[in-house]
Structure formats: structure tokens, C-alpha cells
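Listed below, chain by chain, are the residues.
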Amino acid sequence: MFPSSVQLSLSSSTTFPVVSISIIIIFIIFFGKYVIIKTTSNQLGLPPGPTPLPFIGCTIQMLLNRPTFRWIQELMAQFKTPILCIRLGPSTHVIVVSCPNLACEFLRKQDIVFSSRPETLSTYLVSDGYKTTILSPPGDQWKKMRTILVHDVLSPPIYKWLQPKRDEEANHLLSYIHNQIEKHATPTDSGFFGDGMEDGGPGEEETEHVASVFTILKYLYAFSIIDFYPWLGGKIDFDGHQKIIKTAIQRVRKYQDRLIDERIQMWNEGVRKVKDDVLDVLINHETPKLTAEEIKAQILEIMLAAIDNPSNAIEWAMAEMINEPTILKRATAELDHEAPEIFEA
Ligand code: HEM
């Protein structure tokens with residue numbers, strides 16, 4: 001498997017001191033992996049990209065050139081390519097595409113090949129060992145949770161059923177904004193965690209909850225050394241990500257899990273009899289019945305999806321509209337026309 005010269009070095013090294021043997025073994029591991037990867041890369045005909053260093057790939061180049069997306073953009077211009085390959089660690093190839101046709105090739109035509117999800121320490125921790133849907137790699141657990149979400153949580157009838165709850169939350173937000181503008185405190189409904197503030201704003205507990213959700217989002221799928229050297233077994237927290245993400249999960253779940261446990265108990269004791277929200281749906285799901293741990297992990301994941309994706313989409317749309325004033329004008333006119341009372345309040 002390794003080059004014969006390297007094997008020769010090993011067999012003649014029995015008389016060397018222990019340190020020399022160790023150095024040679026490390027060299028063989030590093031060099032051997034490099035040779036295997038190089039050979040495989042050539043066979044697969046990977047797209048162009050920066051020359052990777054043995055074992056560490058382009059990790060150092062990437063860390064030295066922040067923000068990463070600009071570095072990637074510059075590399076694509078430098079290589080004059082709409083498809084780029086960056087190797088990270090000993091064997092992970094990151095493929096970047098910048099043209100819509102190629103993107104469709106990956107996301108539509110070859111979807112089955114590329115739809116697998118990377119297993120990272122952050123996703124493992126957040127999904128509580130892959131008990132959920134969005135972060136779990138394809139498999140039986142993913143299929144089970146996905147079926148439940150598609151049919152019983154994110155379906156059109158459930159969307160309609162939950163409309164009054166969304167209206168209630170929208171009213172809550174608007175009256176908080178109104179109170180901020182008027183600079184007076186009119187008590188509104190309290191939030192979900194803790195008592196909330198007099199003006200309807202988030203209290204200490206909600207602030208900690210949301211801040212921790214955003215911490216999780218910041219570190220979820222973030223570049224972490226450990227994901228590229230899985231044989232370290234998650235034992236050494238090189239970049240501190242593991243500790244940060246574990247603390248954030250614990251902070252979010254201390255609020256959510258308490259409510260989930262209380263709700264499960266209410267159903268078990270027969271105090272609650274009518275389903276009123278998604279949590280009730282998950283608790284009462286039959287065939288398959290979900291465990292409390294699965295429900296807690298899935299609720300955290302829904303919380304992340306519901307906070308992260310829509311806020312990113314809005315931010316992106318606002319940024320695009322600032323660059324396109326005519327569209328911004330049209331959107332403002334549409335809002336003024338559709339809901340004038342909101343802006344007159
Ligand atoms: C603008 C808002 C949203 C965008 C742009 C968005 C985008 C996406 C994308 C790109 C995926 C695929 C991820 C992957 O395969 O790795 C995904 C999956 C998923 N999203 Fe969203 N999402 C949004 C909002 C939400 C919300 C609010 C929820 C739940 C309350 C949600 C629940 C899910 C679920 C359950 C999956 C996993 C589906 C599966 O595994 O097959 N999403 N979303």
C-alpha cells in the first residue's frame with residue numbers, strides 16, 4: 001500500500017532509538033495517506049483548486065484568508081473556474097460551484113448522490129445523537145422523524161390549524177414595537193419562558209434562550225478541526241467549539257425540556273385532553289410513538305429551523321431590496337396598501 005522505499009525504511013529501523021521509530025511511523029501515516037489521496041484524486045478527476053498540503057490539506061490557507069467566502073471567490077477567479085475543489089484535512093473534498101447550471105446538476109439531477117449530510121460533532125450534539133430530521137444523515141431514524149414532520153407537523157391542515165397562534169405572536173410583536181415607539185409600557189401577554197418585561201419585550205429567560213439559540217446556529221456546521229480528524233474521537237476540544245455548543249444546548253434545553261416534561265405529565269395524568277399545538281401532536285403520535293428524548297431533540301431542531309432560516313431569508317431580501325430601490329418602493333407600496341393600519345398605529 002505504501003511506497004516500497006518507505007516500507008524499507010520501516011523494516012531497517014528496528015535498531016533505531018524509539019524516537020526515530022515514532023518519527024518514521026508518523027511520516028509513513030502522513031505520507032501514505034497523502035499518496036493514497038493523491039492517487040485517488042487523480043483517478044476521480046477532481047475539479048481544479050489550490051494545492052493541498054499533505055495531511056492538513058488547505059486548512060491553514062483557509063484559516064489565514066478570512067472571510068472564507070471571499071477567499072473562495074478569489075480562488076475561483078484565479079483558476080477561472082465555475083467549479084472548485086478545496087481539500088480540508090486528510091480526505092474531505094469541498095466542491096464549490098458558482099454557476100446555476102452546475103448547481104442544478106448537483107441539487108437536482110445528481111441529488112441522490114449529493115444529498116447525504118456530513119456527520120459533524122456539532123450536528124451530533126444538537127440532534128442528541130441524530131434523533132431528529134434536519135441534521136440527521138439519511139437512515140431509518142431520519143425517515144421516521146421526517147415522515148412524522150411532513151404528515152403531522154408541516155402539512156397544510158396543520159399550517160391552517162396553527163394560524164391563530166401565528167396571529168397571536170404577530171400581534172404580540174407589533175404591540176411590543178408600538179410600545180417601543182411610544183416609549184410607554186402597556187403590559188402584553190408574557191413570553192413563553194419567564195415573565196417577560198412590562199412593555200412586552202423579552203425578559204431575562206427569553207433573552208438567554210434566544211442568545212443561546214443563535215450561539216448554536218453560529219457553531220452548527222462551523223469549521224471545526226475535529227470534524228476533519230474523526231480518529232481523535234472528540235476527545236480534544238482543539239478550537240473550544242465543543243464546550244461552547246454544549247453549554248448553549250444546555251441553556252436552551254433547560255427552558256424547553258422543563259415545559260416538555262410538564263406537558264408529557266399533563267397528558268399522562270389526563271389533565272390535558274385536547275391537542276392545541278405541535279408539542280401535543282408529537283407527544284400523542286401513535287405508530288410510531290416518540291420517546292421524550294426524541295421529542296425534546298426534535299423541538300430544539302424546529303426551534304433552530306424556525307428562527308434561522310426565515311430571519312436569514314428576510315435579511316437577504318432586505319439587502320437585495322436596498323440594492324434595488326424600485327423593488328423596495330413596490331414592496332413598501334404593497335404593504336401600505338395591504339395593511340395600512342399597522343403603519344398608522
Ligand atoms: C425561509 C425559511 C426556510 C428555508 C429557506 C429553509 C431551507 C431548508 C433547506 C435548504 C433544507 C434542506 C437541508 C438539507 O437537506 O440538509 C431544509 C430542510 C428542512 N427544513 Fe427548512 N427552511 C426554512 C424554514 C423552515 C422551518 C420554519 C421549518 C420548521 C418549522 C423547517 C423545517 C425543515 C425540515 C424538517 C427539513 C428537513 C427535511 C428533510 O430532512 O427531508 N424549515 N430547509
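All values derive from a computational prediction rather than experimental measurement.

A. Here's a closer look at the overall build of the chain. Secondary structure assignment for the chain yields 17 helices and two strands. For the chain, the residues scored as buried account for 14% of the 345 residues in total. A fraction of 53% describes how many contacts in the chain between residues 6 or more apart in sequence connect residues 24 or more apart.

B. Seen up close, the site of the ligand. Neighbouring the ligand are the residues Arg117, Thr133, Ile134, Arg146, Leu149, Ile302, Ala305, Ala306, Asn309, Pro310 and Ala313. With six residues, helix 15 (residues 292-323) is the single largest residue contributor to the shell around the ligand. Counted by class, the shell around the ligand contains seven nonpolar, two polar and two charged residues.

C. How the structure looks around the nonpolar core. In terms of nonpolar packing, the biggest core is built from 19 residues, with Val126, Ile216, Ile245, Ile249, Val252 and Leu300 touching the most fellow members. Mapped by element, the contributors of at least two residues to this core are helix 7 (121-126), helix 11 (204-219), helix 13 (241-268), helix 14 (278-283) and helix 15. At five residues, helix 15 tops the list of elements feeding residues into this core.

D. Molecular detail of the pairing of strand 2 (residues 92-97). Examined bridge by bridge, strand 1 (residues 83-88) and strand 2 share six bridges and lie antiparallel to one another. Paired with Ile83 across the strands is Val97, a residue of strand 2. In this antiparallel pair of consecutive strands, strand 1 and strand 2, the connection spans three residues, and Gly89 shows a positive phi of 65°.

E. How the structure looks around the confidence of the model for the chain. Of the residues in the chain, 82% have a pLDDT of 70 or more, and the chain-wide mean is 84. Within the chain, helix 1 (residues 4-11) has the poorest average pLDDT of any element, 32, and helix 14 the best, 98. Note that residues 1-42 has pLDDT below 50 and, in this model, 24 contacts with residues that lie over four places away or in other chains.

F. Representation of unusual backbone geometry within the structure. The step from Arg66 to Pro67 runs through a cis peptide bond, and the omega angle for that step is -10°. In this fold, Pro67 is placed in the loop between helix 3 (59-64) and helix 4 (68-79). The step from Thr287 to Pro288 runs through a cis peptide bond, and the omega angle for that step is 0°. With respect to the helices, strands and loops of the structure, Pro288 is situated in the loop between helix 14 and helix 15. One non-glycine residue, Tyr221, lies in positive phi territory at about 60°.

G. Main features of the environment of Pro202. Along the chain, Pro202 turns up in the loop between helix 10 (163-182) and helix 11. By the C-beta count within 10 Å, which is 18 here, Pro202 ends up partly exposed. Considering only alpha carbons, one finds Pro202 and Phe192, 10 residues apart in sequence, at a separation of 9.4 Å.

Reading the values: the criteria
Residues numbered from 1 in each chain as written. Predicted model: local features only at pLDDT ≥ 70, side-chain atom pairs only at ≥ 80, totals over all residues. Helix = DSSP H or I, 4+ residues; strand = E, 2+ residues; numbered from the N terminus. Buried ≥ 20, exposed ≤ 12 C-beta atoms within 10 Å, placed from the backbone. Contact = placed C-beta atoms within 7 Å. Near = placed C-beta within 6 Å. Nonpolar A, V, L, I, M, F, W, Y, C, P; charged D, E, K, R; others polar. Core = buried A, V, L, I, M, F, W, Y, C linked by C-beta atoms within 7 Å. Pairing = 2+ DSSP bridges. pLDDT = per-residue confidence, 0-100.

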